[in-house]
Amino acid sequence: MATLLGTAAIVVGSVGSAMAQEGELVMINWLGGAQGEMMTKLQESFEAKYPGVTVRNVVPQAGGDARGGIRGLLMGGEQADLLINTWPAFRAELIEAGLILPLDESYDSNNWGDQLGESWRALSRVNGENYGVTYTFGDRSGIWYRTDTMEKAGITPPTTYEDFIGGFSALNDAGITPISVPAKVWAHAEWFESLLLRTAGADYMTRLASGDASWTDDEVKVALQTWQEMLTANCCDDGNTMLALDWDISVDAALKTGDAAYVLMGMWLNTRAKQEYGDTPGEDFNIFQFPAFGLGHDDESMVDAKEFNVLSSVENREAADAFISYMLTADAAEIMAQYGLASPSTDVDPSIYDPVIQRSVSEVTSANKLQFVLGDLLPGDLGSEYRVAMQRFLQDPSDETIEAITAQLAAVANGVY
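Presented here is an overview of the structure given in this document. (Residues numbered from 1 in each chain as written. Predicted model: local features only at pLDDT ≥ 70, side-chain atom pairs only at ≥ 80, totals over all residues. Heavy atoms only, no water.)

Things to note about the overall build of the chain
Okay, so step 1: Counting its regular elements, the chain contains 20 helices and 12 strands.
Okay, so step 2: For the chain, the C-alpha radius of gyration of 21 Å lies close to 22 Å, the compact-globule estimate for 417 residues.
Okay, so step 3: C-alpha extents for the chain along the principal axes are approximately 65 × 50 × 35 Å.
Okay, so step 4: A burial count over the chain gives 57% of its 417 residues as buried.
Okay, so step 5: Sequence-distant contacts, at least 24 apart, represent 79% of the contacts inside the chain between residues at least 6 apart.
Okay, so step 6: Working note: accessible area of the chain is about 15800 Å², and carbon and sulfur atoms make up 46% of it.
Okay, so step 7: Computed over 24 positive and 61 negative side-chain charges, the inter-centroid distance for the chain is 2 Å. (Helix = DSSP H or I, 4+ residues; strand = E, 2+ residues; numbered from the N terminus. Rg over C-alpha atoms; globule rule 2.2 N^0.38 Å. Buried < 20%, exposed > 50% of the residue type's maximum accessible area, 1.4 Å probe, protein only. Contact = heavy atoms within 4.5 Å. Areas by Shrake-Rupley, 256 points an atom, 1.4 Å probe, with all protein chains shown as cover. Lys, Arg positive; Asp, Glu negative; His and termini not counted. Charge placed at Lys NZ, Arg CZ, Asp CG, Glu CD.)

Here's what the structure looks like:
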């Protein structure tokens, strides 16, 4: 896989030595808003437990997708010990470039496997070696809504696709846009992926992500045709408006002002609504699982996760391992729960979670199959083309556009895999 990181390894320093749990711990930290505040609290709690360690954050400069800024830092020779990562395809890119280290020895010596279990360890395993430690996860098949918005339109959270699309007219009549789709950068792809999961299933999505299925397959076209049906039913703003919306604007429309009914995104919305709006989970806002289609895939869920990678430029490996160990403790989970996020650690008592987190955890743990976010699995060039293709579809959701964008995605995929 040819990437911008392909030559970066030559400018990154080798592993250095450090005193155990002392000195500076450098973290590439791109989290912002309430999530950024949460990480600051976690770092302060860690420093209180390990007073010999000081955490310093290196913040990549990038808008929208942070990977560009992270690439710039690493290619520029920035020394850091830990990286916060949420993209499996990016992890593969970093491995190929020799920029992150395998963690199997640390897993064993720190007993991380006792707290995470095999399923979480497998999530970050590549070619038989582990390269990441998951510290939070969420249900990406959950659709977010305000309770008073639903009451205003006189509808209840739908469970079937027929009820879902049938409620659009009542929402529109109440002056509420049914779905706010932020298509400026990346978040618009959430709807296609969720439709693909319900109509084609997780196994097919895995094959598509790995290059073993084609973007010209009927499964892809059926998902786009279903989205086409939703657009025809006045689900959303016009195409140009959607392309002008970034994720936070759409989230505010659905969960703050009530101008829109639904938004589809990750569990950090719980953090935003709790910390920035001052709303109460389960009362002011909630989630429901993506509607059922009756095609055999309704018990499958899409998930995301954030992990820590240890960079090959690490100079304080002992402190890096200590911080990862701390993130799997009940104390760290307590802080994350206050910000509306869940920990995968078995040391956590689920009663600390609010109703929305509990619903999210329940959906993930009870799902028959789990599928990681498709866009985060795609190699760089294909991932970029994928998001542009979905933007083209939203501007002109015609049969001709479906044929054109699927053919283009297949062509790019053929050159990538």
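Some remarks on the nonpolar core
Okay, so step 1: One finds Phe192, Trp215, Trp227, Met230 and Tyr262 to be the most contacted residues of the largest nonpolar core, which totals 124 residues.
Okay, so step 2: When sequence neighbours within four positions are dropped, the list of residues in contact with Trp227 reads His188, Trp191, Phe192, Leu195, Met390, Phe393 and Leu394.
Okay, so step 3: Counting residues in hydrophobic clusters, the runner-up holds 17 residues, among them Val26, Ile28, Phe90 and Leu94. (Core = buried A, V, L, I, M, F, W, Y, C linked by side-chain atoms within 4.5 Å.)

A few points about helix H3 (residues 88–96)
Okay, so step 1: Residues of H3 that are buried: Pro88, Ala89, Phe90, Arg91, Glu93 and Leu94.
Okay, so step 2: At the C-terminal side of H3, Gly98 shows a positive phi close to 70°.

Quick word on the side chain of Arg198
Okay, so step 1: Relative to the helices and strands, Arg198 resides in helix H9 (residues 189–200).
Okay, so step 2: At 3.2 Å, the side chain of Arg198 forms a polar contact with the backbone oxygen of Pro291.
Okay, so step 3: With residues up to four places along the chain from it excluded, the contact list for Arg198 reads Gln289, Phe290, Pro291, Phe293, Leu295, His297, Asp298 and Glu300. (Polar contact = N/O pair within 3.5 Å; in protein donor to acceptor, adjacent residues only side chain to side chain.)

A few points about helix H14 (residues 268–275)
Because an α-helix completes one turn every 3.6 residues, residues spaced three or four positions apart along the sequence face the same direction.
Okay, so step 1: Along H14, seven of the eight residues are buried, which leaves the element largely enclosed by surrounding structure.
Okay, so step 2: For H14, the complete set of buried residues consists of Trp268, Leu269, Asn270, Thr271, Arg272, Ala273 and Lys274.

Examining the side chain of Asp304
Okay, so step 1: In this fold, Asp304 is placed in strand S11 (residues 300–310).
Okay, so step 2: Here Arg140 takes part through its side chain, which lies 2.5 Å from a polar atom of the side chain of Asp304.
Okay, so step 3: Here Asp304 is in contact with Phe137, Gly138, Arg140, Gly266, Trp268, Phe372 and Val373, once residues within four sequence places are set aside.

As for the environment of Pro157
Okay, so step 1: With respect to the element layout, Pro157 can be found in the loop between helix H6 (147–153) and helix H7 (161–166).
Okay, so step 2: Along the primary structure Pro157 and Val58 are separated by 99 residues, whereas in three dimensions their C-alpha atoms are 42 Å apart.
Okay, so step 3: The residues touching Pro157, leaving out its near neighbours within four places in the chain, are Tyr145, Met150 and Phe288.

Description of the pairing of strand S7 (residues 142–146)
Okay, so step 1: When you tally the buried positions in S7, you get five out of five residues, the bulk of the element.
Okay, so step 2: Burial of the side chains of S7 extends over both faces: Gly142, Trp144 and Arg146 are buried on one face and Ile143 and Tyr145 on the other.
Okay, so step 3: Sheet topology places S7 next to strand S10 (residues 285–289); five bridges connect them, and they run antiparallel. Residue pairing across strands places Ile143 opposite Phe288, the latter belonging to S10.
Okay, so step 4: Relative to strand S9 (residues 260–264), S7 runs antiparallel, the two being bridged by two bridges. Within S9, the position partnered with Ile143 by the bridge is Leu264. (Pairing = 2+ DSSP bridges.)

So, the packing of helix H11 (residues 218–232) against helix H20 (residues 399–416)
Okay, so step 1: The interhelical angle for the contact between H11 and H20, taken along N-to-C directions, is 145°, at an axis separation of 11 Å. Read as a crossing pair, H11 and H20 show a hand that is right-handed. Contacts between H11 and H20 pair Val220, Lys221, Leu224, Gln225 and Gln228 from the former with Asp399, Ile402, Glu403, Ile405 and Thr406 from the latter.
Okay, so step 2: Split by residue class, the contact of H11 with H20 holds four nonpolar, three polar and three charged. (Axes fitted to C-alpha atoms, helices over the stretch in contact; angles between N-to-C directions. Left-handed = near helix turned anticlockwise from the far one by under 90°. Nonpolar A, V, L, I, M, F, W, Y, C, P; charged D, E, K, R; others polar.)

What to know about the environment of Trp191
Okay, so step 1: Relative to the helices and strands, Trp191 is located in helix H9.
Okay, so step 2: A relative accessible area of 1% means that Trp191 is categorised as buried.
Okay, so step 3: In sequence terms Trp191 and Leu264 are 73 residues apart; their C-alpha atoms lie 7.1 Å from each other.
Okay, so step 4: The contacts of Trp191, once residues within four sequence positions are left out, are Ile143, Phe164, Ile179, Val181, Trp227, Met230, Val263, Leu264 and Phe290.

A closer look at the packing of aromatic side chains
The geometry of an aromatic ring pair is captured by the separation of the ring centres together with the interplanar angle, meaning the angle of the planes.
Okay, so step 1: Scanning all chains against the criterion turns up 25 aromatic pairs.
Okay, so step 2: Note on Tyr107 and Trp112: the rings are 5.5 Å apart at their centroids and 80° apart in plane angle, and the pair reads as edge-to-face.
Okay, so step 3: Both rings, one in Tyr161 and one in Phe293, keep their centres 4.5 Å apart while their planes meet at 25°; by these two values the pair is stacked. Placement of Tyr161 in helix H7 and of Phe293 in the loop between S10 and S11 is noted, with a sequence separation of 132 residues between them. Grouping residues by exposure puts Tyr161 and Phe293 together as buried.
Okay, so step 4: What links up through ring pairs into an aromatic cluster is the set Tyr145, Phe164, Phe168, Trp191, Tyr262, Phe288 and Phe290. (Phe/Tyr/Trp six-rings, centres within 6.5 Å; stacked < 30°, edge-to-face > 60°.)

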